[in-house]
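# Summary of structural features
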There are 2 protein chains.
Amino acid sequence: MFNAGFDIGGSHIAGGLYDARCNLVRRVDEPFPQGRPEEVPALVARMAGELCEGLARGALESVGLAVPGSIDRARERVINAYNLGFHDFPLRARVQERFPDAPVLLGNDADLAALAELHAGAFIGAQCAVLLTLGTGLGGGIIINGRLWRGGMGNGCEIGHTILDMSGEICTCGVRGCAETRCAASALAREARAAARARPGTLINERTGGDPEKIDAKFVVDCARAGDAAALFVFDRYTDALSSAAASLINTLDPEVIALGGGLSGAGEFLFAPVREKTRKKSFYREHARIVPAVLGNDAGMLGAALLYDDDKK
Amino acid sequence: MFNAGFDIGGSHIAGGLYDARCNLVRRVDEPFPQGRPEEVPALVARMAGELCEGLARGALESVGLAVPGSIDRARERVINAYNLGFHDFPLRARVQERFPDAPVLLGNDADLAALAELHAGAFIGAQCAVLLTLGTGLGGGIIINGRLWRGGMGNGCEIGHTILDMSGEICTCGVRGCAETRCAASALAREARAAARARPGTLINERTGGDPEKIDAKFVVDCARAGDAAALFVFDRYTDALSSAAASLINTLDPEVIALGGGLSGAGEFLFAPVREKTRKKSFYREHARIVPAVLGNDAGMLGAALLYDDDKK
């Protein structure tokens, strides 16, 4: 039997066909139909057709869909996926209509990345683990008792919107002090832009030629590695915040592993060493979660989508 | 069959004998042997003897112990229970020596209070629920999948030491901004003392006659109810913090119920109405946890201890 997983992103849709051992046997990519999200179901069906070419009828066990957005408790509708243009869209049913023989399942991409790490990445063998994805936002997924945690009421989880800094800045969601305001990769870039404005003589300014748009998280890491005081200052504040988020998860859930994903996690020990050291000081327990890089990268959502059917049966 | 539960507190030890339906059939109380914690095992054995008088041999299924402190991952030793004077003390084994026929189990009192609420209180029928105990500290216990959550690594949970206010005050644990620094009942009293010092003309000062030691959480609530501006200000800050803690739990675990316990929860709707309203605004989900008073009060730890054996078997 085979399972298909689709990671539906703002720029493109990636589809993968996986065998029973989670090996990727075929993949297809298509650009996202910008401005025409209602075309996604037909596009997914066409991509699935390509993936399954030559397969026996009934060999496709399930079709999983990963979307970067919030999903209703029945896991039928995409409530909001701003990058895709889905708002209260019944995506599961619209795709299901095109697959009479295989169940279609819907999940949040960060959740599904955690599920993928459980089966084939940083969480193998773990019963309890947390993935934090450091990107434009702060995404996350939780594994509890060896399964994807879908929330006690089915709402999923939004670790990025736990409150970490009550006296801090207002989040895009409207609440003051969400972890996302401090731990997203974009927060590092935003604070570096502010620091650069405040201190004109920094390496950040020199390297950007005064254009703050050139400052992203990787740029800040590069300047910090080069010893720039302003970049080191904001990077230190960033690891303060990320270690506080990690310690909060440890002191609540006590997971065995916390994995950091997203581009910024590529900074390696320059990021992980201070985060581990600061988390150790803030953790209530002597023995606590390992903090490691996520393993699966860009294909995590696609693989997680293919695993949804199996995880659901547990 | 019967189960015995002991709640070992800093001022006294309460023991209860419960039948298979969790009815309390007998109870005993003894003062805590101040300064001689090593006498606790013998005292517990003597109290159990009283509880079990007349019972057939073998009718005692288990003995559970609730302590206000941290417990090692093997649930053998009390790592620290400052109010009791236990430091790395092998309490379970010391008590077990005196009970050849019944297993002895050890738990944290806030965890066990949550377990008691699951069986006989605010969490009946829930699969996922969180108890927050508003006292000198901020205690808490988590129910996941209808069982007491013991942490992914067996460390339990310390919700009071999740970080809520990174730019705030330093906690007794040494970390800046723990939820306990803002949400413990003692935090409300501490902030009221500071407000009273800053504004001499307040009702707080008038009622205390200038003695800040008279200010406790209940006193602040009384002054706030009476319309005192300083008391209302700190109470508003308190419900800001408590709702942020609740929203963080909702956005991570998405529990069905959050119960507030401890003396301060007796403030009723004066506390619950603003906490619910503010939590609603900070929650990521339209439908989210109910926020209710804990039901069981002082006997929760004792009942939870008696339930440990049964929960362990699940």
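Fair warning: this is a prediction, and the values are worked out from it, not measured in the lab. (Residues numbered from 1 in each chain as written. Chains lettered and ligands numbered in written order. Predicted model: local features only at pLDDT ≥ 70, side-chain atom pairs only at ≥ 80, totals over all residues. Heavy atoms only, no water.)

### Some thoughts on the domain arrangement of chain A
Reports often express the size of an interface as the amount of accessible area lost when the parts come together. Residue and element names in this part refer to chain A. Operational definition: For the domain bounds, the source is a domain assignment made automatically or taken from a database. Whether two residues are in contact is decided by their heavy atoms: any pair within 4.5 Å suffices. Any Lys or Arg side-chain nitrogen found within 4 Å of a carboxyl oxygen on Asp or Glu counts as a salt bridge. In protein, a polar contact means a hydrogen-donor-capable atom and an acceptor-capable atom, both N or O and within 3.5 Å, with residues adjacent in sequence counting only if both atoms are side-chain atoms; elsewhere, any N or O pair within 3.5 Å suffices. Helix and strand assignments come from DSSP, with helices taken as H or I runs of at least 4 residues and strands as E runs of at least 2, each series counted from the N terminus. Lys, Arg, Asp and Glu make up the charged group, whereas Ala, Val, Leu, Ile, Met, Phe, Trp, Tyr, Cys and Pro make up the nonpolar group; the residues left over, Gly among them, are polar.
Here chain A is partitioned into domain 1 (2-115 + 298-313) and domain 2 (124-295). For domain 1 versus domain 2, the distance between C-alpha centres works out to 28 Å. In this assembly, twelve residues from domain 1 lie in contact with 15 residues from domain 2. Applying the counting criterion to the domain 1 and domain 2 interface returns two salt bridges. The partner of arginine 150 in a salt bridge is aspartate 312, and the shortest N-O contact between them spans 2.7 Å. Between the two partners, domain 1 and domain 2, sit five residue pairs in polar contact (both at pLDDT 80 or more). Sorting the residues of the side of domain 1 that touches domain 2 by element identifies helix 3 (109-120) and helix 10 (300-313) as the ones contributing at least two each. Ranked by residue count, the leading element in the side of domain 1 that touches domain 2 is helix 3, at six residues. Considering only residue class, the side of domain 1 that touches domain 2 consists of six nonpolar, no polar and six charged.

### Considerations on the environment of glycine 268 of chain B
All names here are of chain B. Definition in use: Summary of the burial criterion: residues with accessible area below 20% of their type's maximum are buried, those above 50% are exposed, and those between are partly exposed, where the area comes from a 1.4 Å probe applied to protein chains only.
Residue placement: glycine 268 occurs in the loop between strand 12 (257-261) and helix 9 (269-282). Using a relative accessible area of 24% as the deciding quantity, one classes glycine 268 as partly exposed. Separated by 40 residues in the primary sequence, glycine 268 and leucine 308 have C-alpha atoms spaced 30 Å apart.

### Re the side chain of serine 243 of chain B
Residues and elements named next belong to chain B. Following the sequence through the fold, serine 243 ends up in helix 8 (residues 229-253). Residue classification places serine 243 among the buried residues on the basis of a relative accessible area of 0%. At 2.7 Å, the side chain of serine 243 forms a polar contact with the backbone oxygen of threonine 239. Contacts of serine 243, omitting those with residues within four sequence positions, involve Val275, Lys278, Thr279 and Lys282.

### Section: the pairing of strand 1 (residues 2-8) of chain A
Residues and elements named next belong to chain A. Cut-off, in case you're wondering: A strand pair is defined by DSSP finding two or more bridges across the two strands.
Buried residues dominate strand 1, accounting for six of its seven residues. Looking at chain direction, strand 1 and strand 4 (residues 60-67) are connected through six bridges and run parallel. Counted as the bridge partner of phenylalanine 2 is leucine 60 from strand 4. Of the pairings in the sheet, the one linking strand 1 to strand 2 (residues 12-18) comprises six bridges and is antiparallel in character. When the sheet's bridge partners are listed, asparagine 3 is paired in strand 2 with tyrosine 18. Here strand 1 hands over to strand 2 after three residues, the two strands then running antiparallel side by side.

### Let's talk about the interface of chain A and chain B
Residue-level contacts link 46 residues of chain A with 46 residues of chain B. At the boundary of chain A and chain B, one finds two salt bridges. For glutamate 287 of chain A, the salt bridge identified is with arginine 73 of chain B, shortest N-O distance 2.8 Å. On the surface where chain A and chain B come into contact, there are 32 residue pairs in polar contact (both at pLDDT 80 or more). At the level of elements, strand 10 (138-144), helix 8 (229-253) and helix 9 (269-282) of chain A are the ones that each hand at least two residues to the side of chain A that touches chain B. The element that contributes the greatest number of residues to the side of chain A that touches chain B is helix 8 of chain A, accounting for eight residues.

### Some thoughts on the nonpolar core
One recurring pattern in soluble globular proteins: nonpolar side chains tend to sit buried together. In plain terms, the rule: Put simply, buried Ala, Val, Leu, Ile, Met, Phe, Trp, Tyr and Cys residues joined by side-chain atoms within 4.5 Å make one nonpolar core.
Grouped together as the largest cluster of nonpolar side chains are 109 residues, with contacts concentrated most on Ile258 and Leu271 of chain A together with Ile258 and Leu271 of chain B. Not counting the four nearest positions on each side in its chain, leucine 271 of chain B is found in contact with Leu134, Phe235, Tyr238, Thr239, Leu242, Leu260, Leu264 and Ser265 of chain B.

### Description of the environment of cysteine 52 of chain B
All names here are of chain B. Counting through the fold element by element, cysteine 52 comes out in the loop between helix 1 (40-51) and strand 4 (60-67). Looking at cysteine 52, the relative accessible area reads 17%, which means it is buried. Separated by 35 residues in the primary sequence, cysteine 52 and leucine 17 have C-alpha atoms spaced 7.6 Å apart. Non-local contacts of cysteine 52, meaning those with residues more than four positions away in its chain, are made with Leu17, Arg26 and Leu60.

### Points about the sheet that holds strand 12 (residues 257-261) of chain A
Spatially, the five strands line up as an open sheet ordered 11-10-9-12-13 (chain A), and their pairing is mixed. This sheet does not close on itself; its edge strands, each paired only once, are strand 11 (147-148) and strand 13 (290-293) of chain A.

### Concerning empty space enclosed by the protein
Our working definition: Residues are said to line a cavity or pocket when one of their atoms sits within 4 Å of a point; the points come from a 1 Å grid over protein atoms alone, cavities being sets where a 1.4 Å probe fits but cannot get out and pockets being open sets with protein on both sides within 12 Å along at least five of seven lines. Grid points are joined across faces, edges and corners, and a volume is the space filled by probe spheres set on the points.
One pass over the full model with this rule turns up two cavities of 30 Å³ or more. Elements supplying a minimum of two residues to the lining of the largest cavity: helix 8 of chain A together with helix 8 of chain B. Split by residue class, the lining of the largest cavity holds twelve nonpolar, six polar and no charged. In this structure, the second largest cavity spans a volume of roughly 40 Å³. For the second largest cavity, the full set of lining residues is Arg182, Ala187, Leu188, Glu191, Val234, Arg237 and Tyr238 of chain B. Of all elements in the fold, only helix 5 (185-198) and helix 8 of chain B reach the threshold of two or more residues within the lining of the second largest cavity. Along the lines of polarity and charge, the residues of the lining of the second largest cavity split into four nonpolar, no polar and three charged.

### Some thoughts on the packing of helix 8 of chain A against helix 9 of chain A
Residue and element names in this part refer to chain A. Under the convention used in this document: Every angle, taken between N-to-C directions, lies between 0 and 180 degrees, and every axis is a line fitted to C-alpha atoms, over only the stretch in contact when it is a helix. Here is the rule for angles: anything less than 35 degrees is roughly parallel, anything more than 145 is roughly antiparallel, 65 through 115 is roughly perpendicular, and the remaining ranges are oblique. Crossing chirality is assigned from the near helix's rotation relative to the far helix, an anticlockwise turn below a right angle marking it left-handed and a clockwise turn marking it right-handed.
Interaxial distance between helix 8 and helix 9 falls to 8 Å at its minimum, and their mutual angle equals 50°. By the angle class used here, helix 8 and helix 9 are oblique. Here the hand of the crossing between helix 8 and helix 9 comes out right-handed. Tallied by class, residues from the contact of helix 8 with helix 9 come to eleven nonpolar, five polar and four charged.

### Quick notes on the relation of the copies chain A and chain B
Keep this limit in mind: Copies overlap after least-squares fitting; the atoms used are the C-alpha atoms of residues with pLDDT of at least 70 in both.
Overlay of chain A on chain B (RMSD 0.0 Å): rotation 180°, translation along the axis 0.0 Å. Taken together, the rotation and translation describe the operation of a two-fold axis. A share of 100% of interface residues in chain A that are also interface residues in chain B marks the association as one of identical surfaces.

### Things to note about the confidence of the model for chain A
Condition: Scored from 0 to 100, pLDDT records how confident the predictor is in each individual residue.
Overall, the predicted model of chain A reaches an average pLDDT of 94, with 100% of residues at or above 70. Here the predicted complex carries an ipTM of 0.94, next to a pTM of 0.94.

### Details of helix 10 (residues 300-313) of chain B
All names here are of chain B. What counts, and what does not: Working rule for helices: expected span equals 1.5 Å times residues minus one. Here the bend at a residue means the angle between the axes of two seven-residue stretches, the one that ends at it and the one that starts at it.
For helix 10, built from 14 residues, the straight-helix expectation of 20 Å at 1.5 Å per residue is met to within 8% by its first-to-last C-alpha distance of 20 Å. Of all the bends in helix 10, the greatest measures close to 45° and is centred on leucine 307. Burial analysis of helix 10 places ten of its 14 residues in the buried class, the great majority of the element.

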